[in-house]
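Single-letter residue listing:
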Amino acid sequence: MTTPAATTDPLLDVPFLRQIPLTELKRYSELWVRVALRPGENLWTEGGLAAELGVVLSGELAVVSGGVEVGRVRVGELAGEASAFFRGETRTASLRAESPAEVLTLSVRDLIRLRREGSAIYDALLRQALVTLVRRVRATDLRIAQLAQGGRAAPAKSEAGLLTRVWRALRPDSPSGPPPSLEPLLRKMPVLRPADPEEITELARLFTVEPMKEGQTIFMEGSPGEAAYIIAEGKVEVLRHVRGERAELLATLERGDLFGANTLVETGARTASCIAVEAGWLYRIDAKDFNAPSARAGMLWREAVLAAFASQLRSANHALNRAIELKASLHGEHSDATASGDNEASFRELLRASGFLQGARTSDAHLGDPESKSGSLPYSSPTSKKRE
């Protein structure tokens, strides 16, 4: 059953909207629809067109993909945020009420209106969508680690001993020549293409350029996340401790890749180590500057980062599902040699899935393409002035 949210009371019950002025909430209260669900009833169905996002007011919703529960959405949390912000997508999962539940829904059309009119509600939704996606990235990464370790999370090591031994044969080399400009790299981000030059310059000022030596440890697994980076020149390898003392390669990041941003949206420890394998230049942004931009430049920056997280998560889930399929095949009738090969292929697919969660491209050629390192982004940018 759906009814318009005729009062602002439901909005005041949403934690991340409590800082919005009451006059602003009243102005847009008629855009929200209150949906009551019975246990077992779906809010949305997998495969349907994403036309709205939701905020859970009461109860709990199960996220079901391919008939398997893959998560829960609880009171105060967003649902359907990635599909809503990147229009034209279909639902990748169903949302089923596990108990009597109430959800406030907002149509994509009205979300676009909030954006166009510069409402503080849009920015609050955008910031919460970032937090929601980061939590899902972490949950997916933990699930991958548990599968790779036979049910145990991958160990986190803050000491440099193992990776120092891994890389001690490399001869450190400093970059030659001046650092490339950051602005062209920012401009390649699909969401930032419509930005004015002044907005790109404003965002570029938040970064600090740093030389990157071959063999340099940028950050260690288990260390606190204090900064994010864009590679302007050179290459970075992402490693994680799995299978005891082995450091497995998850991904190789290159020019234009953004990495380390998850821990700036929501504080947490690094889930992998990043080592420079080629001299070059990094652009670093600290936590206070990452969250600092305001007005249109800040909105575009947050949308760009949200797009990166959504792409990472989509691609990781693709690889994770492939790994699970390979694991399932081990229960069939295979020779020992075939089973061993399938098990190793499954493990490598898990590493690949985890690698997708560690960094994202800032251009159309992005890490998140499940089949290759090039291709079109799997979403439509909500920033185009023509669409509005």
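Definitions and limits used
Numbers given to residues run from 1 along each chain, matching the order in which its sequence is written. Under the rules for a predicted model, residues below a pLDDT of 70 receive no local features and side-chain atom pairs below 80 are neither given nor counted, while totals for whole chains, interfaces and linings still include all residues. Think of the side-chain values as coming from all heavy atoms in the structure, minus any hydrogens and water. Remark: exposure states derive from per-residue accessible area (1.4 Å probe, protein chains only) relative to the maximum for the residue type, with buried under 20%, exposed over 50%, and partly exposed in between. Secondary structure elements are defined from DSSP: runs of H or I of at least 4 residues count as helices, runs of E of at least 2 residues count as strands, and each element is numbered from the N terminus. Summarising the geometry, the arc corresponds to the directions from the helix axis toward the C-beta atoms. Should any heavy atoms of two residues lie within 4.5 Å, those residues are counted as being in contact. At least two bridges found by DSSP between two strands is the condition for calling them paired. To obtain each axis, a line is fitted to C-alpha atoms, and for helices this fit is confined to the stretch in contact; angles are then taken between N-to-C directions over 0 to 180 degrees. With a 1 Å grid spanning the protein atoms alone, the term cavity applies to any set of points in which a 1.4 Å probe fits but cannot get out, the term pocket to an open set with protein on both sides within 12 Å along at least five of seven lines, and the term lining residue to any residue with an atom within 4 Å of a point. Grid points are joined across faces, edges and corners, and a volume is the space filled by probe spheres set on the points. Polar here means any residue other than Ala, Val, Leu, Ile, Met, Phe, Trp, Tyr, Cys and Pro, which are nonpolar, and Asp, Glu, Lys and Arg, which are charged; Gly is therefore polar. We call a set of buried residues a nonpolar core when its members are Ala, Val, Leu, Ile, Met, Phe, Trp, Tyr or Cys and they connect through side-chain atoms within 4.5 Å of each other. Here the aromatic set is Phe, Tyr and Trp, taking the six-membered ring for Trp, and pairing holds for ring centres within 6.5 Å; pairs whose planes are under 30 degrees apart are stacked, those over 60 apart are edge-to-face, and all others are tilted. When the NZ atom of lysine or the CZ atom of arginine is within 6 Å of a ring's centre and also within 35 degrees of its normal, the charge is said to sit over that ring. Put simply, a salt bridge is a Lys or Arg side-chain nitrogen that is within 4 Å of an Asp or Glu carboxyl oxygen. For every residue, the predictor states its confidence as a pLDDT score lying anywhere from 0 to 100.

Caption draft 1: Examining helix α8 (residues 197–204) more closely. Three or more residues of α8 are buried, namely E199, I200, L203 and A204. On an axial view of α8, the arc spanned by its buried residues comes to 140 degrees, and they lie on one face. Across from the buried face of α8, at angles greater than 90 degrees, the exposed residues are P197 and E198. Looking at the packing, one finds that the buried side of α8 touches α7 (183–187) and α11 (295–329).

Caption draft 2: Inspection of the sheet that holds strand β3 (residues 42–44) at higher detail. Strand order in the open sheet formed by 4 strands is β3-β8-β5-β6, with antiparallel pairing between adjacent strands. Here the strands that pair on one side only, and so sit at the sheet edges, are β3 and β6 (68–73). Each neighbouring strand pair of the sheet contributes to a mean axis angle of 35 degrees, computed without reference to strand direction. Inspection of the sheet shows strand β5 (residues 61–65) paired to strand β8 (residues 94–97) by 4 bridges, in the antiparallel sense. Opposite V63, over in β8, you have L95 as the bridge partner.

Caption draft 3: Fine view of helix α4 (residues 108–116). Residues of α4 that are buried include every one of V108, D110, L111, I112, L114 and R115, and no others. Backbone geometry just after α4 places G118 at a positive phi near 65 degrees.

Caption draft 4: Geometry of the layout of surface pockets. Quantified by volume, the second largest pocket comes out at close to 220 Å³. Around the second largest pocket, the lining comprises 14 residues; the ones closest to its centre are G118, S119, Y122, D123 and M299. For the lining of the second largest pocket, the secondary-structure elements that each account for two or more residues are α4, α5 (120–148) and α11. Across the lining of the second largest pocket, the residue classes tally to 6 nonpolar, 2 polar and 6 charged.

Caption draft 5: Up close: the nonpolar core. Of all hydrophobic cores here, the largest spans 75 residues; its most connected members are W32, F85, I121, L125, L186 and W301. If one sorts the elements of this core by residue count, α11 sits on top with 15 residues.

Caption draft 6: Molecular detail of the pairing of β5. Judged by how many residues are buried, β5 sits mostly within the fold: 4 of 5 residues are covered. Where β5 meets β6, 5 bridges bridge the pair, whose relative direction is antiparallel. By the bridge assignment for β6, L61 is matched with V73. Taking the residues that link successive antiparallel strands as the turn, the β5-β6 hairpin has 2 residues, and the phi of G66 there is positive, at about 60 degrees.

Caption draft 7: A look at empty space enclosed by the protein. With the rule as written, the count across this model stands at 4 cavities of 30 Å³ or more. Considering only enclosed or pocket space, the largest cavity measures out at about 270 Å³ in volume. Around the largest cavity sit 22 residues that line it, and G260, N262, T271, L357 and Q358 are the ones nearest its centre. Those elements that provide at least two residues to the lining of the largest cavity are α5, β14 (257–259), α9 (262–265), α11 and β16 (359–361). Taken together, the residues of the lining of the largest cavity sort by class into 12 nonpolar, 7 polar and 3 charged.

Caption draft 8: Quick peek at the packing of aromatic side chains. A complete count under the given rule lists 5 aromatic pairs for this structure. Where F219 meets F259, the ring centres are 6.0 Å apart and the plane angle is 40 degrees; that geometry is what we call tilted. A residue pair is termed long-range when its members are at least 10 positions apart, and F219 in strand β11 (residues 217–219) and F259 in strand β14 qualify at 40 residues. Each of the two residues, F219 as well as F259, counts as buried. Seen in terms of ring centroids, F290 and W301 are 5.7 Å apart; in terms of plane orientation they differ by 75 degrees. Their pairing is edge-to-face. Placement of F290 in helix α10 (residues 287–290) and of W301 in helix α11 is noted, with a sequence separation of 11 residues between them. One aromatic cluster in this structure is built from F207, F290 and W301. Positioned over the ring face of W44 is R91, at 3.7 Å from the centre of the ring. Just above the ring of F219 sits the side chain of R270; from NZ or CZ to the centre is 3.9 Å.

Caption draft 9: Layout of the pattern of salt bridges. For the structure on display, the rule yields 17 salt bridges. Among the ionic contacts, a cluster of salt bridges with common partners joins E60, R72, R74, R96 and E98.

Caption draft 10: Quick peek at the confidence of the model for the chain. On average, the chain scores 78 in pLDDT, and the residues at 70 or more come to 78%. In the predicted structure, residues 151–160 sits below a pLDDT of 50 and forms 26 contacts with residues beyond four places in sequence or in another chain. Below pLDDT 50 for its whole length, residues 364–388 participates in 75 contacts with residues either more than four positions away or in separate chains.

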